[in-house]
Amino acid sequence: MIVKDGLYYTKTHEWIRLEGDVASVGITDFAQNQLTDIVYVDLPKVGAMIKAGEIAGTVESVKSAEDFYSPITGKVLEVNKDLEKSPELINKDAYQAWMYKMKISNPSEVSSLMKKDDYEKLIKK
Amino acid sequence: MRTSLFEEHVKLNAKMVDFHGWEMPIQYSSIIEEHRQVRQKAGLFDVSHMGDIMIEGKDAQDFLSYLLPTDLSKSRIGKAIYSAYLNENAAMIDDTIANKISEEKFLVVPNAATTDKIYAWLVKNKKDFKVKISNISSKMSCLALQGPLSHEVMKNLHPEANNLDHFALTNVSEMYPSPGLEDATIVSSTGYTGEEGFEFIIPNEYAVATWKKLLSNANVKPIGLGARDTLRMEKGLLLSGQDFNEDRDPIEAGVSWILDWDHDFIGKKNLEIRKDNIKRRFRGVVAEDKVIPRNGSIVKLNGKEVGILTSGTFSPSLSKGIGLGYFDSDLKVGMNVVVSTGKTEGKCLLSKPRMV
């Protein structure tokens, strides 16, 4: 299972990539592998305020439907429309297939997220 | 538990999951790609977790025809007969293929999760029947080759199998000799995908070589249990333990064609009482919205609950959600219903169980 350096991870298998005060959010390679073939995604609305730990959307696969949670608090700036047409992009490369970008409200929240090593330990359990 | 092909699955990078205590491949690459491979070309499944029980003796045919609602004397030797065990209440315990090797010899194939239960059920009901019941599940492997190119693939390996009728068998013990297992070593024109295909029931020691040989054909790919499930759902085929679990009779489950009323069988009395008053029917639903029906989803018509689903998935062939379940028997195929998964809700069309 691929875990990338430079990203921050949650216990619920989301990742964020930080560029200044903008965070891209996606689900991890481990999560997509557990889900199997993803066929629908339900993304948040642009402009929505989402708190860390709140449901941001749903990913649905051949096998099951799972909510995903926002790793961090902020306002949704943009959603990845490509995923609505081609949700399999998440299976192909979970770290390229970001779900939404948000302007983060509280940069200090990042310190509560996991780095590569800790997340690797979590998924090996 | 592991099948003889476990190492092969690992080598092929399969994603392994627990399936009723068995470590089985759910997928090798992608459920959707594997599904299409079987519909368009050919795929190979390891289904060695399924059971194999030999029933032999003077009364073998009478015994099994009492345990099953199907009169096996009506089928010729060499047929693979689909049926289901009923309890006294006429509820289905498990569905099965009964391979008629001779009138005194049958190889029955129970589902993985129910093999021990069915073995115990057979032994319990043996009573005065002159039969020997042997559970040889741990000695046999089962490989299923499925898809429109299966015949082509069999040309080199087992040309004789291409002459089989639908649901028939041929003994292949000369090619896979193993002392004591000769009668059980068969290839049958059966499967669980709705496609043409063959199932090999062979001694464990031949599993790896046969698996590799079949996969050496460029038109054959390994297929996991994930696609097996989507393939069977599209065709409306029942999954034991999920679509029925000692709670449905064969009429409501849509397999009344397995019933022969002119012989005695366990559950007959109760089935006769119920047969003219069946309140629910097994049907399919095909989504018109972005909803994926799931096991446990509620089906509504004008706000009123009219059915419950026991299976559901995304159909790779239709690129839509599909489901199977039990509906009020006065509903008609083609009606618009609403499926509610608890998470989402969407419009669906009521369909025959076979949706593809």
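One can find the structure itself at the top, above this paragraph.
Now for a quick tour of the structure. (Residues numbered from 1 in each chain as written. Chains lettered and ligands numbered in written order. Predicted model: local features only at pLDDT ≥ 70, side-chain atom pairs only at ≥ 80, totals over all residues. Heavy atoms only, no water.)

Attention shifts here to the sheet that holds strand E8 (residues 74–79) of chain A. Residue and element names in this part refer to chain A. Taken together, the 6 strands give an open sheet; going across it, the order is E1-E2-E3-E9-E8-E5, and neighbouring strands pair in antiparallel fashion. Of all strands in the sheet, those bounded by a partner on one side alone are strand E1 (8–9) and strand E5 (49–50). Two strands pair when backbone bridges link them, and strand E3 (residues 22–27) and strand E9 (residues 100–104) are joined in this way by 4 bridges, in the antiparallel orientation. Counterpart to Ala23 in the pairing with E9 is Met102. (Pairing = 2+ DSSP bridges. Helix = DSSP H or I, 4+ residues; strand = E, 2+ residues; numbered from the N terminus.)

Residue and element names in this part refer to chain B. Relative to the assigned elements, Asp243 resides in the loop between helix H7 (225–234) and helix H8 (268–274). One polar contact links Asp243 to Ser311, side chain to side chain, over a distance of 2.7 Å. With residues near it in sequence (within four places) discarded, Asp243 still touches Arg232, Leu237, Leu238, Arg248, Phe282, Thr310, Ser311 and Tyr326. (Polar contact = N/O pair within 3.5 Å; in protein donor to acceptor, adjacent residues only side chain to side chain. Contact = heavy atoms within 4.5 Å.)

With that out of the way, let us pick up the interface of chain B and chain A. Contact residues are listed per partner, giving 18 residues for chain B and 16 residues for chain A. The contact between chain B and chain A buries some 1,400 Å² in all, and 52% of this surface belongs to carbon and sulfur atoms. When residues of chain B are sorted by the area they lose upon contact with chain A, Lys15(B), Lys290(B) and Lys343(B) head the list and together hold 37% of the total. Counting every contact that joins chain B to chain A gives 3 salt bridges. Two residues, Arg294(B) and Glu60(A), come together in a salt bridge whose shortest N-O distance is 3.0 Å. Applying the counting rule to chain B against chain A returns 11 residue pairs in polar contact (both at pLDDT 80 or more). Within the side of chain B that touches chain A, the residues separate by chemical class into 5 nonpolar, 6 polar and 7 charged. (Buried area = accessible area lost by both parts, 1.4 Å probe. Salt bridge = Lys/Arg side-chain N within 4 Å of Asp/Glu carboxyl O. Nonpolar A, V, L, I, M, F, W, Y, C, P; charged D, E, K, R; others polar.)

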